[in-house]
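If you want the building blocks of each chain, they are given just below.
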Amino acid sequence: HITPEKFYVEACDDGAEDVLAIDRVSTEVTLTVKKDVPPSAVTRPIYGILGTIRLVAGTYLIVITKKKKVGEIFSHAIWKATDFDILSYKKTMLHLTDIQLQDNKVFLSMLNHVLSVDGFYFSTTYDLTHTLQRLANTSPEFQEMSLLERADPRFVWNGHLLREFAAQPEIHRFATPVMHGFITMHSCSINGKCFDWLLISRRSCFRAGVRYYVRGIDSEGHAANFVETEQIVHYKGSKASFVQTRGSIPFFWSQRPNLKYKPKPQISKSVNHMDGFQRHFDSQIISYGKQMIVNLVNQKGSEKPLEQTFAKMVNSMANGMVRYVAFDFHKECSRMRWDRLQILMDQLAEQQDEFSYFLVDSDGKIVTQQDGIFRSNCMDCLDRTNVIQSLLARRSLQAQLQRLGVLHVGQRIEEQADFEKIYKNAWADNANACAKQYAGTGALKTDYTTGKRTQWGLIMDGWNSLIRYYKNNFSDGFRQDAIDLFLGNYSVDEVEPASPLHVKKDWKFLALPIIMVVAFSMCIICLLMAG
């Protein structure tokens, strides 16, 4: 309910009396009751509060205005947020100069850009940010916490926007933690036995960004394009889960766009790589247990130094919990020899059996735990990584479905045509979602994930590569700034005299266009006056 003085957010659950009152002048947030809402207020339905943010014109409230049901996880509804609204606390913009108005418009367009990227998910009753295994190993106190308090901060994309809500425990239930990534759910049947199959990819908001601007790790050990992917099976009350991660090669390197099709990666020479590297793996071991690194980059050309440095650093860290395998994906699978991926799968099979998967029976008793994880990477951690992850996940699923009694002894998932189609399409959709969020286009090599490598798939890969080239060089700077603003890596200072959006350009920037215009004009004049 909107009045000139306040925003009132009314909870619409049965029997709920609480109303959140947000003062548009003092920005104070308090709890009140329904009868305090003035009848003159303009009323509209919303589906959640994303949070608040300060821009040049003052504070703004961001709300979810449209949602679409993805499905249910154990009877909890899961929603995709499909539309948002950004509401200004200020009733007028008269206090701003023309330049400030212009800046405010740019910042608003940045927020709208981030919100327009597909893949924001939420639930008001289920904790989407944790894996089944993490949720099963919690204390009763944890179960009592609000969703905002107990959420894994790595995967709450509106954590910065909700910081003022987080400071007031009594209003936590009005705050909706939102995850970014991909979720798909399918009810499947094999041998007449029905089960639910889910795929969830959670994208980390630490060191988030776009393809060429964010590579490697930061000083805290957070890797770029870090995504946790969990595959869940639910059959007759039993739940099985298999978790994998992907993330940029975890030391300090960069690959800034410079108009070349593939800029040369630069490994930083001035920093101590081991500090960040060690931090990265320490936190990974705490979260997931043993680490099996699967490095898929080329072992020749510009990617070679990255592979060599990664292998060397794993050796010098000498941690028994971290193992390393390198597989030159492009060399091994060149000329469409996709059968050669079996070489890598055979290499990882023993390790995968040792790591196992998480399984809890219908009585809630934990049968097995997953005590290690595959951390896959290529350069972007998109296309090659996705192919390998889908193969590892299928191998785990084979074991789970046999153990649950869905598959008979000797039966293979590949032979179940209906399920295989669902499986491959879901993994291709997952690849596309992760690629759009990081590189700006759909994934490459998805024809392999959905079936087999084809000539048409190659043509589509060429087209996507062209679009990526354009976006990475000419529009990703804006995308990166937008993400940094949304996640709070950059804060707008209302009194900041010099705006970062206005960079004075000297004559050198104008020299080339002026020379080109003069030369083009002369050319046209010469053609017209040739007689």
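Residues numbered from 1 in each chain as written. Predicted model: local features only at pLDDT ≥ 70, side-chain atom pairs only at ≥ 80, totals over all residues. Heavy atoms only, no water.

### Some words on the packing of aromatic side chains
The relation between two aromatic rings is expressed through the spacing of the ring centres and the mutual angle of the planes.
Thinking step 1. Counting across every chain of the model gives 18 aromatic pairs.
Thinking step 2. The rings of F195, W197, F419, Y423 and W427 are connected pair by pair, giving a single aromatic cluster.
Thinking step 3. The lysine or arginine in question, K67, covers the ring of W79, its NZ or CZ lying 3.6 Å from the ring centre.
Thinking step 4. The aromatic ring of F74 is capped on one face by K239, whose charged end is 4.4 Å from the ring centroid. (Phe/Tyr/Trp six-rings, centres within 6.5 Å; stacked < 30°, edge-to-face > 60°. Lys NZ or Arg CZ within 6 Å of the ring centre and 35° of its normal.)

### As for the sheet that holds strand 3 (residues 29-33)
Thinking step 1. On the basis of which strands lie adjacent, the open sheet formed by three strands has the order 1-2-3 and antiparallel pairing. The open sheet has two free edges, formed respectively by strand 1 (6-10) and strand 3, since each of these has just one partner strand. With strand direction ignored, the average angle separating the axes of adjacent strands in the sheet is 30°.
Thinking step 2. Relative to strand 3, strand 2 (residues 18-23) is paired through five bridges, and the arrangement is antiparallel. When the sheet's bridge partners are listed, V19 is paired in strand 3 with T32. (Pairing = 2+ DSSP bridges. Helix = DSSP H or I, 4+ residues; strand = E, 2+ residues; numbered from the N terminus. Axes fitted to C-alpha atoms, helices over the stretch in contact; angles between N-to-C directions.)

### Description of the pattern of salt bridges
Thinking step 1. Tallying each qualifying case throughout the model produces 26 salt bridges.
Thinking step 2. With a shortest N-O distance of 2.9 Å, R202 and E230 are connected by a salt bridge. Note that R202 is positioned in strand 9 (residues 193-203) and E230 in strand 10 (residues 227-235), a separation of 28 residues in sequence. The burial state of R202 is the same as that of E230; both residues are buried.
Thinking step 3. Through salt bridges with shared partners, a single network forms among R134, D152, R154, R202, E228 and E230. (Salt bridge = Lys/Arg side-chain N within 4 Å of Asp/Glu carboxyl O. Buried < 20%, exposed > 50% of the residue type's maximum accessible area, 1.4 Å probe, protein only.)

### Observations concerning the packing of helix 1 (residues 98-116) against helix 14 (residues 476-487)
Thinking step 1. Contact pair helix 1 / helix 14: the axes reach a minimum separation of 8 Å and the direction vectors enclose 90°. Here helix 1 lies roughly perpendicular to helix 14, going by the angle between them. Here helix 1 contributes F107, S109, M110, L111, H113, V114 and L115 to the contact with helix 14, which in turn contributes F478, R479, D481, A482, I483, L485 and F486. (Parallel < 35°, antiparallel > 145°, perpendicular 65-115°, else oblique. Contact = heavy atoms within 4.5 Å.)

### What about a nonpolar patch on the surface?
Thinking step 1. There is a patch of nonpolar side chains on the surface, built from F509, L510, I514, V518, F520, M522, I524, I525, L527, L528 and M529 and spanning about 1,200 Å² of accessible area.
Thinking step 2. Structurally, M522 can be placed in helix 15 (residues 507-528). (Patch = residues over 30% accessible without salt bridge, like charges linked within 9 Å, V, L, I, M, F, W, Y side chains within 5 Å. Areas by Shrake-Rupley, 256 points an atom, 1.4 Å probe, with all protein chains shown as cover.)

### Observations regarding the UniProt feature "transmembrane region" (unreviewed entry) in the protein
Thinking step 1. The feature "transmembrane region" (unreviewed entry), as annotated in UniProt, sits at residues 509-530 in this numbering.
Thinking step 2. Span residues 509-530 is 91% helix and 0% strand, its end C-alpha atoms 33 Å apart. (UniProt positions renumbered as here; feature names shortened; annotations may be inferred.)

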